[in-house]
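So the chains spell out like this:
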Amino acid sequence: MVFDKFWELIINNYYLIAIIILGLAGIILFAFLPSGKKKIPHFYLPFSILVLVVFYELLATYMVANRVLHEKIHYLLTSDTFKGWNTWVFNVFNYQLSKILFLLLIRENLNNKTRKTWVLYLIGILIIGSLGLTFSEIEKIHEPQPVIYFLGNIFLIIASGLFFIDLISEDYFLSLNPVEFLPFWYITLILFQSVLTLLSDVAFEYLAFNQVEIYYLFNYTSMILYFLMSIAFIMLFSLGRNTLLKNTEI
Amino acid sequence: MGGEDTQILFILFSGVFLAAVMATFVVAMVILHRQRQVQNKQKVEQLKVEFEKTMLNIENEIQQETLNHIGRELHDNIGQLLSLSKLYLGSSKPERQAEGKELISKIITEVRSLSKSLNLDWVENLKLEEFIQEQLVKIEASGYCKTRFIANNLHWEPGKEQKMILIRVIQECLNNAIKHASPETITITLDSSGTEKFIQIKDDGKGFDTSIASTGSGMTNLKKRMETIGGKFHLHSIPGKGTEIKLLLPV
């Protein structure tokens, strides 16, 4: 019964189907990468993001399908009344864990050591801030956490900005054409996704309850951007290098 | 228009505005990157031209020096040997004539070795360490000052062009030390540190105040020459405490 509902929820959600297909393609292509490349953060971080997204999207769907288990987990997390929201899944895996992975991925693409340290500080602040706000229950784990959403998105915007500054100031990037450089594309998409979802995430509570169409609009935009980003990751695994052209790899 | 509509419009407008700002930002970054690439290309071309110019100057200088050396050899060595062999061959004594023939053979060898120095192939065959040692032996043989050479297990063989520039820079540094510093000892060290290899030319001579601007262009030229091969020229000197020059090259 639960599985039937879970399956029904999956096949009725095109985004979820696309994410699962891309996730599977990512796993297969990553498995075929040479073992040396699998150990490089430029490859294993995008892979971790792909897998994490498939995992939390499926978990969130399963939580909707299996209400009994969901309720049990809810009461393990909090003593507040169970409303059937799976917000905690997205809070933990999307707004905290995946943002940290994205920040680490941007950091790996930086060349300047000082900027790398700054991104490390941003990750530290995000971890401490998220844990502090969640455990102090200023922002409850099973409810929208606008401050953490704001921090995650703003830090991603800052980190993406640092990448672009690196791109125009570091000699390391002089030999490449940004349009052929895959990290340029996925970091641009991270930047756009963070900027566009910043508004909807911060105003999540208001939009979700009062302006659901606008909320969906932003949500769909975010989904399309994530879909494009996944394609960039898949290309990264299938090419086995971070540039579209063979001889321009750095 | 109601308050709700205004809020929707505001949120939508903000989203579109932020997206437009970000798009402009990304496009601006790509344009700036492209501009930097163009500037860098121009800089590389300029460096290439400078390098070719430097190489031409150095080749001329080395050739000039070689011609001077040949002139001296012809006058002081081969000329003397020829006169002597003419004298011996003109003698009626067979042993003198034999000595004259031996001298002719020696002259042939000397002329062959001189002809080899006319082109710059000797630079290719000569090792940098050997060149430095030769120079130091010459200085010490002239009785000018003592010399020391330290090569810390370094097997450094730069390419022909790099070697030619290094040879000229080292020669110029040694000439400067001899001309201006009156040192008791000149020490040359070949070593490496991290990502760089270096040649250190140190003397315990007069030294000079590096804060006073020099009227000549010698040091600037040496610095420029090192830059054309991607190297650096560091000079440190204190009046009365000698001069230390470091020629650094990336590994």
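A.B. asks: Report on the interface of chain A and chain B, specifying residues and quantitative values.
C.D. replies: Counting residues at the interface gives 26 residues for chain A, matched by 20 residues for chain B. Along the contact surface separating chain A from chain B lie one salt bridge. Counting every contact that joins chain A to chain B gives seven residue pairs in polar contact (both at pLDDT 80 or more). Only α8 (146–169), α9 (182–202), α10 (204–210) and α11 (212–239) of chain A provide two or more residues apiece to the side of chain A that touches chain B. Among the elements that line the side of chain A that touches chain B, the one with the most residues is α9(A), at seven residues. Looking at the side of chain A that touches chain B residue by residue, the classes come out as 18 nonpolar, six polar and two charged.

A.B. asks: Talk me through the confidence of the model for chain A; I want residue IDs and the actual numbers.
C.D. replies: Predicted confidence across chain A gives a mean pLDDT of 89, with 98% of residues reaching 70 or more. In the model of chain A, α10(A) stands out as the element of lowest mean pLDDT, 75, in contrast to helix α7 (residues 113–135) of chain A, which has the highest, 95.

A.B. asks: Which residues make up the domain arrangement of chain B, and what values go with them?
C.D. replies: Residue and element names in this part refer to chain B. The domain architecture assigned to chain B consists of domain 1 (1–118) and domain 2 (120–251). Listed by partner, the interface residues are 14 residues for domain 1 and ten residues for domain 2. In total, about 1300 Å² of surface goes out of reach between domain 1 and domain 2, with carbon and sulfur atoms giving 67% of it. Our enumeration of links across domain 1 and domain 2 arrives at three salt bridges. With a closest N to O distance of 2.7 Å, Arg 168 and Glu 61 form a salt bridge. If you look at where domain 1 meets domain 2, you find four residue pairs in polar contact (both at pLDDT 80 or more). Take the side of domain 1 that touches domain 2: its biggest share by element is eleven residues, from helix α1 (residues 3–89).

A.B. asks: Break down a nonpolar patch on the surface for me, with residues and values.
C.D. replies: All names here are of chain A. A contiguous nonpolar surface patch, about 610 Å² in accessible area, is contributed by Ile 224, Phe 227, Leu 228, Ile 231, Met 235, Leu 239, Leu 244 and Leu 245. Take Ile 231: it is sitting in helix α11. Judged by relative accessible area, Ile 231 falls into the partly exposed class, the value being 31%.

A.B. asks: Explain the pattern of salt bridges residue by residue, including any values.
C.D. replies: A side chain of one charge can pair with a side chain of the opposite charge when the charged atoms of the two come close. Residue and element names in this part refer to chain A. One pass over the full model with this rule turns up nine salt bridges over all chains. Here Asp 166 ties to Arg 115 by a salt bridge, and the two come within 2.4 Å at their closest N and O atoms. Residue Asp 166 is located in helix α8, and its partner Arg 115 is located in helix α7; the two are separated by 51 residues in the primary sequence. Per residue, the accessibility class of Asp 166 equals that of Arg 115, and both read buried.

About the thresholds
Residues numbered from 1 in each chain as written. Chains lettered and ligands numbered in written order. Predicted model: local features only at pLDDT ≥ 70, side-chain atom pairs only at ≥ 80, totals over all residues. Heavy atoms only, no water. Contact = heavy atoms within 4.5 Å. Salt bridge = Lys/Arg side-chain N within 4 Å of Asp/Glu carboxyl O. Polar contact = N/O pair within 3.5 Å; in protein donor to acceptor, adjacent residues only side chain to side chain. Helix = DSSP H or I, 4+ residues; strand = E, 2+ residues; numbered from the N terminus. Nonpolar A, V, L, I, M, F, W, Y, C, P; charged D, E, K, R; others polar. pLDDT = per-residue confidence, 0-100. Domains from an automatic or database assignment. Buried area = accessible area lost by both parts, 1.4 Å probe. Patch = residues over 30% accessible without salt bridge, like charges linked within 9 Å, V, L, I, M, F, W, Y side chains within 5 Å. Areas by Shrake-Rupley, 256 points an atom, 1.4 Å probe, with all protein chains shown as cover. Buried < 20%, exposed > 50% of the residue type's maximum accessible area, 1.4 Å probe, protein only.

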